[in-house]
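# Descriptive analysis of the structure
Here's the letter readout for the chains.
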Amino acid sequence: MRLSSGFIPTVKETPAEAVIPSHKLMIRSGMVRALGAGIYAFLPLGYRVMKKVMEIIREEMDAIGGQELHLPALSPLELWEETGRVKAFGDILFHLKNRPLVLAPTHEEVICWLAKNHISSYKDMPQIWYQIQTKFRNEPRPRSGVLRGRQFIMKDSYSLDSTWEGLDTSYDLHAQAYRKIFSRCGLKFFVVGASSGAMGGTGSQEFMMESRAGEDVIAVSEDLSYAANMEIATSLMPKAPRFPENLPLEDIHTPNVKTIDELARFLKVDHSRLAKSVVYWSDETPVLVLMMGNDGLNEAKLAGVLGTEVRPIEPERLLELTGADGGSIGPVGLRERTPASKRFRIIADKRLEGANNLISGANRNDYHTTNIDLQRDCQIDGYYDLRTVMEGEPSPNGKGTLRIIPGVELGHIFKLGTKYADALHATFLDEHGKEHPIIMGSYGIGVERIVACHIEQNNDADGILWDKALAPFLFHLVSVGTKSPAVVEAAEGLYASLNQAGMEVLFDDRKDVSPGFKFKDADLLGMPYQVIIGEKNLAAGNIEIKERKTGKRWLHPRVTIMEHLQELART
RNA sequence: CGGGGCGUAGCGCAGCCCGGCUAGCGCGCUUGGUUCGGGACCAAGAGGUCCCGGGUUCAAAUCCCGGCGCCCCGACCA
């Protein structure tokens, strides 16, 4: 491709809306242009990179037996109503105004419809079907360039199995393929255990990249041997102690004490003696959650335990139900004082399991109850891990302490189980002629995210530093001194030879720009090798090569330059 | 959905508070010339519904009301 005639609109100035490096560089290098919020046009250079990523994905998906297909983006609204996901997605799902159709944000429903019609026997499985296709999500707030768009390309695959062991195998195959894909794309990534959230299912892992541009939060041990999404991360924190002596309950006056810190100071006791009460709605049931001291409640964990969406109770309703305000709620006698229709469910964090001599609210403003024994004085419906881990806490695998870092989700793999097959009645007959729902897995990779993340991890003040695997071109041939017939001839000749040899080369043959301009553009576009043909070096029979990543430059004799470049392409 | 900011030439911005001549600057673009190894220089030029609608006024980019779009922070998020 020639820069003189190619459509690669580079710009010197950074557009105002771009904040993160990848976004700035993708615009400056002419890879993309924004058409609207979260809507991007991929220009020739950007699309070359996208195609490289997609090809790597194809190779690895094919290698695990995946079969590529292509599903429509338009899909009947009815299909989504059957699985309840019109409601689950809410405003994220794009609806068409003049037909009962939606723009698919993912394709479990369509895959399930296909499977229902064509998979009828255990002999038809396992299957792995995948596609690389445009997805649509009406994100409330698109941001960070192509990292979070309203339209994006996703590789999504689906496994169909007749047994749970089969699902495990399909899932593991994907986990392995994903590692290969991200490694080949030159990304530093790590795998974290994740919550399967609204997707449903029995297990999931995310493939993440550490980045301040990310919107996920991950807890990792220092040596990365443990990594988990904050929604499920745990740590090794000591339990509240159980004291040998058992003291009687006592209400104490604690005027104007609202927070746990104030209470600890007022009573001069350790946080481990305090049971903080947090009240949530689980659908229409009020739930009192006891947390030790200042431990933060993790709403995702709570929702997982309760099996419903959760929302904090409104202060007025709390007062109405209990007769006390937020800072004075406690487990003792709570059920007795609330109406039967709104009987509290009481659960506690594992750190409080078996604890006694605790202090909590007395369900009376300005009073707290001391010497609470959770076994003796109240009926706890269960102890669960409900706390949000904090930076510096000991890693659950015993290896060092946790760091809390932001990350970008590159891929996500789910063991879906039978949720969709149940809803859409996609069943098969086993070897005994018995009917079962098909067991599914679903696996996604964000293609734009790979591109953007690669740039996030590989850039400097001058521009992009492409890995060979993703670089739009391997060589950037720069002709310096287009007035010299010798230079023009040498550059044109080398360009022709490279093309003939099937090597990818971008040729800066522009006659109307200064050498400095060409060098700046070459650094901005970031091809792995710059091949520079200048008058002086050429006169001495040499051609200069610059490795973009290291800045290393060297001269090579013109006569054997093709062999040398082919060697560079191989290594 | 809450908070903040912005919308003026293809891009980056000034002008707006405090209304007033022909709306300005840098980059880019066109033409001619000079230059030619790290985003060159000179000269001449083209390019504007000042986001949209309404209002106030002799007069609106500027003030007022309403709307739309974009960005940032938060909430939300397979």
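Residues numbered from 1 in each chain as written. Chains lettered and ligands numbered in written order. Predicted model: local features only at pLDDT ≥ 70, side-chain atom pairs only at ≥ 80, totals over all residues. Heavy atoms only, no water.

Across its full length, chain A holds 17 helices and 33 strands. Each of the three principal axes of chain A carries a C-alpha extent, and together these read 100 × 65 × 45 Å. Counting over 571 residues, chain A shows a buried share of 53%. When contacts within chain A are restricted to residue pairs at least 6 apart in sequence, long-range pairs at least 24 apart make up 68% of them. Accessible surface, chain A: about 25,200 Å² in total, of which carbon and sulfur atoms supply 53%. (Helix = DSSP H or I, 4+ residues; strand = E, 2+ residues; numbered from the N terminus. Buried < 20%, exposed > 50% of the residue type's maximum accessible area, 1.4 Å probe, protein only. Contact = heavy atoms within 4.5 Å. Areas by Shrake-Rupley, 256 points an atom, 1.4 Å probe, with all protein chains shown as cover.)

A word on the pairing of strand S1 (residues 32-36). The pairing of S1 with strand S2 (residues 39-42) spans four bridges and is antiparallel. Counterpart to Val32 in the pairing with S2 is Phe42. Taking the residues that link successive antiparallel strands as the turn, the S1-S2 hairpin has two residues, and the phi of Gly38 there is positive, at about 75 degrees. (Pairing = 2+ DSSP bridges.)

Attention now goes to the domain arrangement of chain A. For interface size, the figure often reported is the accessible area lost on association. We note that the domain assignment places domain 1 (21-232 + 403-455), domain 2 (250-388) and domain 3 (475-570) within chain A. One C-alpha centre belongs to domain 1, the other to domain 3; they are set 40 Å apart. Contact with domain 1, which involves six residues of that partner, is made by four residues of domain 3. Across the domain 1 to domain 3 interface the summed buried area is about 440 Å²; carbon plus sulfur atoms make up 62%. Together, Arg28, Ser29 and Leu45 form the three largest contributors to the area buried by domain 1 at its contact with domain 3, with a combined 60%. The tally of links between domain 1 and domain 3 comes to two salt bridges. The partner of Lys52 in a salt bridge is Glu504, with the nearest N and O atoms 2.4 Å apart. (Domains from an automatic or database assignment. Buried area = accessible area lost by both parts, 1.4 Å probe. Salt bridge = Lys/Arg side-chain N within 4 Å of Asp/Glu carboxyl O.)

Let us look at the sheet that holds strand S19 (residues 358-361). One open sheet accounts for three strands, arranged S13-S20-S19; its pairing is antiparallel. Whereas interior strands pair on both sides, the edge strands pair on one side only; in this sheet they are strand S13 (250-253) and S19. Strand-to-strand twist of the sheet, defined as the mean angle between neighbouring strand axes without regard to direction, takes the value 30 degrees. As paired strands, S19 and strand S20 (residues 367-372) are joined by three bridges and run antiparallel to one another. (Axes fitted to C-alpha atoms, helices over the stretch in contact; angles between N-to-C directions.)

With respect to the element layout, Asn138 can be found in the loop between strand S7 (127-136) and strand S8 (151-161). Take Asn138: its relative accessible area is 18%, and that puts it in the buried class. Sequence separation of Asn138 and Arg212 is 74 residues, and the distance between their C-alpha atoms is 23 Å. Non-local contacts of Asn138, meaning those with residues more than four positions away in its chain, are made with Asp91, Ile92, Phe94 and Arg150. Of the polar contacts made by the side chain of Asn138, one reaches the backbone oxygen of Asp91; its length is 3.2 Å. A polar contact is formed between the side chain of Asn138 and the side chain of Arg150, at a distance of 3.2 Å. (Polar contact = N/O pair within 3.5 Å; in protein donor to acceptor, adjacent residues only side chain to side chain.)

According to the stated counting rule, one finds 39 salt bridges in the structure shown. A salt bridge links Lys301 to Asp385, with the nearest nitrogen and oxygen atoms 2.8 Å apart. Taken together, the residues span a long stretch of sequence, with Lys301 in helix H8 (residues 299-306) and Asp385 in the loop between strand S21 (383-384) and strand S22 (387-388) at a distance of 84 residues. Overall, Lys301 belongs to the buried group, its relative accessible area being 8%. Given a relative accessible area of 29%, Asp385 falls into the partly exposed group. Across the salt bridge formed by Glu544 and Arg553, the nearest N and O atoms sit 2.7 Å from each other. Assessed through its relative accessible area of 14%, Glu544 is described here as buried.

This structure, assessed with the given rule, holds nine aromatic pairs. Measuring from centroid to centroid gives 6.4 Å for Tyr171 and Tyr443, while their planes differ by 55 degrees, and the two rings are tilted. Here the residue Tyr171 occupies a position in helix H6 (residues 164-184), and Tyr443 occupies one in strand S26 (residues 439-446), the gap between them amounting to 272 residues. Like Tyr171, the residue Tyr443 is buried in the burial classification. (Phe/Tyr/Trp six-rings, centres within 6.5 Å; stacked < 30°, edge-to-face > 60°.)

In the neighbourhood of RNA strand B, 41 residues make up the surrounding shell, with Arg137, Met154, Phe517, Asp523 and Arg553 lying closest. Each atom of RNA strand B within 4 Å of the protein was assigned to sugar, phosphate or base; sugar and phosphate come to 41%. Take Arg143: an N or O atom from its side chain is 3.4 Å from a base nitrogen of RNA strand B. Glu544 places a polar side-chain atom, nitrogen or oxygen, 2.5 Å from a base nitrogen of RNA strand B. Among the elements that line the surface near RNA strand B, the one with the most residues is helix H15 (residues 515-525), at eight residues. Within the surface near RNA strand B, the residues separate by chemical class into 17 nonpolar, eight polar and 16 charged. (Near = heavy atom within 4 Å. Nonpolar A, V, L, I, M, F, W, Y, C, P; charged D, E, K, R; others polar.)

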